[in-house]
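Spelled out from the first residue to the last, the chains are:
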Amino acid sequence: MAQYTANTTQKDLDYEVSRRRTFAIISHPDAGKTTLTEKLLLYAGAVGMAGSVRARKNQRSATSDWMEMEQQRGISITTAALQFDCQGCRINLLDTPGHQDFSEDTYRTLMVTDSAVMVLDAAKGIESQTKKLFQVCRLRNTPILTFINKLDRPGREPLELLEEIEQVMGISPAPINWPIGNGPTFKGVYDLASKSVLLFERTEHGRYRAPVRVHGLNDQVLTALLGRDEHAALIEEIELISAVGTKFNRDEFLAGLATPVFFGSASNNFGLEPFWQALIELAPPPGPYAAGPNSIEPNSPEFSGLIFKIQANMDPQHRDQVAFLRVCSGRLEKDMQVHNARLGRKLRIARAYRFFAGEREPVDEAYPGDVVGLANPGVFSIGDTLYTGRAVAFNTMPRFQPEHFCLLQNSDIGKYKQFNKGLEQLEKEGAIQVFFFSDSLRKEPVLAAVGELQFEVVTARLRAEYGVETTVSKLPFACARWFEAEQPDRAEIIWPSRCKLAEDRQGQPVVLFSSEWELNYCREKNPRLALREWG
Ligand SMILES: Nc1nc2c(ncn2[C@@H]2O[C@H](COP(=O)(O)OP(=O)(O)OP(=O)(O)O)[C@@H](O)[C@H]2O)c(=O)[nH]1
Ligand SMILES: [Mg+2]
């Protein structure tokens, strides 16, 4: 192996950092994140034939929805990480789930990306979940690119959509291109900077790259295509937007104050090529990473990284657990010894993989911006900081309070080992918490989650991954609280009638309340009682 001097190593590191692009695709459910992901892979040359999200028989399903339940329902449940090379860049794309029941996963993903693509449905504009995710981006001033999708269907006026972005989000929308036609008449986009019209042609089921033809705005081809009146209206609108519309400013974009806006249709491959080109050009490489009051430079020679996600059983052939790590600084090498700040001890990175949704490939090294999976024999948890050299502790990952509770029953007592193992694994992924009622002899687990859909995911995954049939029955609780160490005698506490005592996996006592109101009532009645939100 070549011997590098200290200088060349630093040069290599600088170069590798500069060519990383790490971004998440975010939005309200169904705006088209997975479809857009799929088509971006096509433009990047990473897959030959883009799958259709709603998989028909004998048709490929979407790459990034690799989980069985995702493919059956056509929704994303968990963030998919896809790493690939394009035009000299190494891309780390994270396709997040939009549904609020899975939003903890999306929020954590947003903690490890350098930019985000916000997808809007042209007919719906800014929806509730998009707004929440945008506010999370604000916490780290994450630069955002906006893709207004589904232009092939009748949608709202483009000007109205821009106004909504400005008013609801408080960020300046700078259109990069402008749609030509709307719904069935959608023909292409006008690129405001190059002053050229890109006309798209439909392809069979939108599965291949849509061919593009380039024209000037006054070209007679457009008059023939749109009709005289519509052509004249388009010219007028573009004159207006060119004169008074917000101009794109890179510094404002990088500071999270302005967003470049693109129009298109992911399912028809309209407007995707210009968007992909702009994404590679505009998405920033990794920058400094906040760790308490300090920030860690990506080009620092010491390695550091953050575990943001745990996922078990991604590969049916090798049922193992993977910890997803974002490299924040330095270089990660296979077999390297790193500190785990939480455990206070050193660990060896025995196996690291790069992922392409459900598929993986071993890697010997990774650089800042890279999202890699580490084989996890139980030593990594969500939120762990790994480092070499001086101690680093990255800021904690967001956690949401569970608001839904259910009793999980194992229908096949003979499979209690698989049942327990499966449940423990799923709990480690952080999507559910498991409690046991203190007064019950039968130790049936109580599941707590942010959203009810998580319970369906648990039963589906226990069946698919552990061969165990289970049923869930809803429980009437709405929040859980742990006791602080200093407590009055528990016999003295006046408990509201509907709350119940339980224990978590570590045997710590937990109180389950039927409502926030009941929790507050309990606090009023027992002023000395001290409860906390997490165990
Ligand atoms: N007409 C039209 N439909 C689209 C377009 N893009 C996506 N869709 C459809 O919208 C639906 C949702 O698409 P997805 O890509 O799964 O949406 P998503 O944002 O990934 O959804 P979640 O991950 O579950 O939040 C699917 O039926 C897509 O076929 C588009 O450009 N035009
Ligand atoms: Mg999706």
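Keep in mind the model is a prediction, meaning the values are calculated, not measured. (Residues numbered from 1 in each chain as written. Chains lettered and ligands numbered in written order. Predicted model: local features only at pLDDT ≥ 70, side-chain atom pairs only at ≥ 80, totals over all residues.)

**Considerations on the overall build of the protein chain**
Next, step 1: Counting secondary structure elements, the protein chain contains 13 helices and 31 strands.
Next, step 2: Counting only C-alpha atoms, the protein chain reaches 85 × 60 × 50 Å along its principal axes.
Next, step 3: Taking all 535 residues of the protein chain together, the buried fraction comes to 44%.
Next, step 4: Long-range contacts, defined here as pairs at least 24 residues apart, represent 69% of the contacts in the protein chain between residues at least 6 apart. (Helix = DSSP H or I, 4+ residues; strand = E, 2+ residues; numbered from the N terminus. Buried ≥ 20, exposed ≤ 12 C-beta atoms within 10 Å, placed from the backbone. Contact = placed C-beta atoms within 7 Å.)

**A few points about the sheet that holds strand S24 (residues 404-410)**
Next, step 1: The antiparallel open sheet is built from eight strands, whose spatial order is S27-S24-S26-S25-S29-S30-S28-S31. Each of the sheet's edge strands pairs with one partner strand only, and the pair in question is strand S27 (470-475) and strand S31 (531-532).
Next, step 2: By the bridge criterion, four bridges tie strand S29 (residues 500-504) to strand S30 (residues 509-513) in an arrangement that is antiparallel. Following the sheet pairing, Ala502 is matched in S30 by Val510. (Pairing = 2+ DSSP bridges.)

**A short note on the domain arrangement of the protein chain**
Next, step 1: Under the domain assignment used here, the protein chain contains domain 1 (20-282), domain 2 (289-387) and domain 3 (404-532).
Next, step 2: Every contact between the two is made by eight residues of domain 1 and, on the other side, nine residues of domain 3.
Next, step 3: Mapped onto the side of domain 1 that touches domain 3, the elements with two or more residues apiece are helix H3 (68-73) and helix H4 (103-110).
Next, step 4: Split by residue class, the side of domain 1 that touches domain 3 holds two nonpolar, three polar and three charged. (Domains from an automatic or database assignment. Nonpolar A, V, L, I, M, F, W, Y, C, P; charged D, E, K, R; others polar.)

**A look at the site of ligand 1**
Next, step 1: Taken together, 23 residues sit near ligand 1, with Gly32, Thr34, Thr35, Ser76 and Gly98 positioned nearest.
Next, step 2: It is helix H2 (residues 33-43) that contributes the most residues to the shell around ligand 1, three residues altogether.
Next, step 3: Across the shell around ligand 1, the residue classes break down as six nonpolar, 11 polar and six charged. (Near = placed C-beta within 6 Å.)

**Here we look at the pairing of strand S26 (residues 445-449)**
Next, step 1: The element S26 is largely enclosed, with a buried count of five among its five residues.
Next, step 2: Both faces of S26 are covered, namely the face carrying Pro445, Leu447 and Ala449 and the face carrying Val446 and Ala448.
Next, step 3: Of the strand pairs in this sheet, S24 and S26 are connected by four bridges, and their pairing is antiparallel. In the strand pairing of S26, His404 is matched with Ala449.

**Overview of the packing of H2 against helix H10 (residues 272-282)**
Next, step 1: It is at 10 Å that the axes of H2 and H10 come closest, and there the two elements cross at 80°. As judged from the angle between their axes, H2 and H10 are roughly perpendicular. Taken together, the residues of H10 that come into contact with H2 (itself represented by Lys39, Leu40 and Tyr43) are Leu272, Glu273 and Trp276.
Next, step 2: A per-class count over the contact of H2 with H10 returns four nonpolar, no polar and two charged. (Axes fitted to C-alpha atoms, helices over the stretch in contact; angles between N-to-C directions. Parallel < 35°, antiparallel > 145°, perpendicular 65-115°, else oblique.)

**A closer look at the nonpolar core**
Taken as a class, soluble globular proteins show a tendency for nonpolar side chains to be buried jointly.
Next, step 1: In terms of nonpolar packing, the biggest core is built from 99 residues, with Ala116, Leu325 and Val372 touching the most fellow members.
Next, step 2: At six residues, strand S15 (residues 321-329) tops the list of elements feeding residues into this core.
Next, step 3: Split by domain, the residues of this core number at least three in each of domain 1 (20-282) and domain 2 (289-387).
Next, step 4: Apart from the residues lying within four places of it in its own chain, the contact partners of Leu325 are Gly305, Leu306, Ile307, Val372, Leu374 and Leu386. (Core = buried A, V, L, I, M, F, W, Y, C linked by C-beta atoms within 7 Å.)

**Some remarks on helix H11 (residues 416-428)**
Helical periodicity: at 3.6 residues per turn, an α-helix aligns residues three or four positions apart in one direction.
Next, step 1: Taking 1.5 Å as the rise per residue, H11 with 13 residues should run 18 Å; its terminal C-alpha atoms sit 18 Å apart, in good agreement.
Next, step 2: Buried residues of H11: Phe419, Gly422, Leu423 and Leu426, and no others. Along the axis of H11, the buried positions cluster into a sector of 95°, meaning they face one direction only.
Next, step 3: Where H11 ends, the next residue or the one after it, Gly430, has phi of about 90°, a positive value. (Expected span 1.5 Å × (residues − 1). Arc of directions from axis to C-beta.)

**Quick word on the sheet that holds strand S7 (residues 177-180)**
Next, step 1: Read from one edge of the open sheet, four strands run S7-S8-S9-S10, paired in antiparallel fashion. In the strand order of this sheet, the two ends are held by S7 and strand S10 (212-215), each with one partner. This sheet shows a mean twist of 25° between the axes of neighbouring strands, independent of strand direction.

**As for unusual backbone geometry**
Most peptide bonds take the trans form, and the phi angle of most residues other than glycine is negative.
Next, step 1: A positive phi is found at Asp335, a non-glycine position, where the angle reads about 70°.
Next, step 2: Within the secondary structure layout, Asp335 lies in the loop between strand S16 (332-333) and strand S17 (337-340).
Next, step 3: Here Asp335 falls in the exposed class, since 10 other C-beta atoms lie within 10 Å of it.
Next, step 4: Of note, Ala357 is a non-glycine position whose phi angle comes to about 55°, a positive value.
Next, step 5: Along the polypeptide, Ala357 turns up in the loop between strand S19 (352-356) and strand S20 (359-362).

**What about the confidence of the model for the protein chain?**
Next, step 1: Averaged over the protein chain, the pLDDT score is 90; the fraction of residues at 70 or greater is 93%.
Next, step 2: Taken together, the stretch residues 1-6 has pLDDT below 50 and engages in one contact with residues farther than four places along the chain or on a different chain.
Next, step 3: Confidence drops under pLDDT 50 across residues 48-59; counting only partners more than four residues distant or on other chains, this segment forms 23 contacts. (pLDDT = per-residue confidence, 0-100.)

**Things to note about the packing of H11 against helix H12 (residues 453-466)**
Next, step 1: With their axes 10 Å apart at the nearest point, H11 and H12 run at an angle of 125° to one another. Comparing their axes, H12 and H11 come out oblique. The element H11 and its partner H12 pack so that their crossing is right-handed. Judged by residue contacts, Gln418, Lys421, Gly422 and Leu426 of H11 engage Val458, Arg461, Leu462, Glu465 and Tyr466 from H12. (Left-handed = near helix turned anticlockwise from the far one by under 90°.)

**A closer look at the environment of Lys443**
Next, step 1: Among the secondary structure elements, Lys443 is positioned in the loop between strand S25 (432-437) and S26.
Next, step 2: Its 9 C-beta neighbours within 10 Å are what place Lys443 among the exposed residues.
Next, step 3: Sequence separation of Lys443 and Leu225 is 218 residues, and the distance between their C-alpha atoms is 69 Å.

**Structural notes on the environment of Ala464**
Next, step 1: On the secondary structure map, Ala464 appears in helix H12.
Next, step 2: Once the C-alpha coordinates of Ala464 and Leu512 are considered, the two residues, 48 residues apart in sequence, prove to be 30 Å apart.

**Considering the environment of Glu518**
Next, step 1: The residue Glu518 is located in helix H13 (residues 516-525) in this model.
Next, step 2: The class for Glu518 is buried, based on 20 C-beta atoms found within 10 Å.
Next, step 3: Distance in space between the C-alpha atoms of Glu518 and Ala44 is 54 Å, their sequence separation being 474 residues.
Next, step 4: Among all residues touching Glu518, those that are not within four sequence positions of it are Pro496, Arg498, Cys499 and Phe513.

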